[in-house]
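Examining the three-dimensional arrangement
Below, each chain spelled out in residue letters.
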Amino acid sequence: MSDINIVCLDLEGVLVPEIWIAFAEKVGVEEFKKTTRDEPDYDKLMKYRIDLLKKHSLGLKQIQETIAGIEPLEGARKFLDDLRKEDCQVIILSDTFTQFAGPLIEKLGSPTIFCNTLEVGENGEITGYRMRVADSKRATVKALQSVGFETIAAGDSFNDLGMIEESKAGFLFRSTDEIKNAHPELEAFDEYDDFLAAIKKAL
């Protein structure tokens, strides 16, 4: 019996633009451009974002308005469609939130996504967030492996390294020079065709 493979992919930066960078540009607040490429501590990053939102009287509605105008990265939908023709399943593992992901996932052909949940007040103020589990991307691939799946993982940021390290094969896609230089053992790609070929080779 051949291995049953699940390809686990990050969302932002890999398949769609970074939501918080797009939001920063829309509202004109540069500080929102900080992402998991810049800050490895996700809890610290989200507390920083929530404080910024409060400072500028911004909430979920404004972020969702930004997301409505975001399109997948060029070639991302075709990449996913081609990947799903292979002998594997695809799951998006993201540290984004259910309140953000819906429109983006629909534009990508509705792949399965595991993400987190925001805590939102009645007035639309974002007051906190709930992670599914600590170190959720690493924990998810380990859980998949525990029930008989092989995983291949890819992402672009610090918070993707755990799932990449735990998988039988892992890649960086459109990552930063800092992360690529810190992890020369990981193959890094910038084009979907090369990325797809590497995944197919690992299957």
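What comes next is a walk through the structure. Bear in mind that the values here come from a model prediction, so they are computed numbers and not experimental data. (Residues numbered from 1 in each chain as written. Predicted model: local features only at pLDDT ≥ 70, side-chain atom pairs only at ≥ 80, totals over all residues. Heavy atoms only, no water.)

1. Brief notes about the overall build of the chain
- Each helix and strand in the chain was counted, giving 9 helices and 7 strands.
- By the compact-globule yardstick of 17 Å for 203 residues, the chain fits well, its C-alpha radius of gyration being 17 Å.
- By its C-alpha atoms, the chain is 55 × 35 × 30 Å across when sized along the principal axes.
- Every one of the 203 residues in the chain was classed for burial, and the buried ones make up 49%.
- Surface accessibility of the chain: about 9800 Å² in total, with carbon and sulfur atoms responsible for 48%.
- For the chain, the separation between the mean place of its 25 positive charges and that of its 38 negative charges on side chains is 2 Å. (Helix = DSSP H or I, 4+ residues; strand = E, 2+ residues; numbered from the N terminus. Rg over C-alpha atoms; globule rule 2.2 N^0.38 Å. Buried < 20%, exposed > 50% of the residue type's maximum accessible area, 1.4 Å probe, protein only. Areas by Shrake-Rupley, 256 points an atom, 1.4 Å probe, with all protein chains shown as cover. Lys, Arg positive; Asp, Glu negative; His and termini not counted. Charge placed at Lys NZ, Arg CZ, Asp CG, Glu CD.)

2. As for unusual backbone geometry
- Positive phi, normally seen in glycine, also occurs at S57, with a value near 55 degrees.
- In this structure, D135 takes a positive phi of about 50 degrees despite not being glycine.
- Relative to the elements of secondary structure, D135 occurs in the loop between β4 (126-130) and α6 (136-146).

3. Section: the pattern of salt bridges
- Counting across every chain of the model gives 19 salt bridges.
- A salt bridge links K33 to E30, with the nearest nitrogen and oxygen atoms 3.4 Å apart.
- Look at K33 and you get partly exposed, because its relative accessible area is 28%.
- For E30, a relative accessible area of 53% corresponds to the exposed category.
- One salt bridge connects K85 with D82, and the closest N-O pair in it is separated by 3.6 Å. (Salt bridge = Lys/Arg side-chain N within 4 Å of Asp/Glu carboxyl O.)

4. Regarding the sheet that holds strand β1 (residues 4-9)
- An order of β4-β3-β2-β1-β5-β6-β7 is seen for the 7 strands of this open sheet, with the pairing classed as mixed. In this open sheet, the two edge strands, each paired with only one partner strand, are β4 and β7 (187-189). Strand-to-strand twist of the sheet, defined as the mean angle between neighbouring strand axes without regard to direction, takes the value 25 degrees.
- Bridge count between β1 and strand β5 (residues 149-155): 6 bridges; the pairing is parallel. Looking at β5, one finds that I6 is bridged to T151. (Pairing = 2+ DSSP bridges. Axes fitted to C-alpha atoms, helices over the stretch in contact; angles between N-to-C directions.)

5. A closer look at helix α3 (residues 60-68)
- For α3, the full list of buried residues reads L60, I63, T66 and I67. One side of α3 carries all its buried residues, which in axial view fall inside an arc of 125 degrees. Residues of α3 that are exposed and angled more than 90 degrees away from the buried face: K61 and A68.
- In this structure, the buried side of α3 is in contact with α1 (19-27), α2 (42-55), α5 (98-107), β3 (112-120) and β4. (Arc of directions from axis to C-beta. Contact = heavy atoms within 4.5 Å.)

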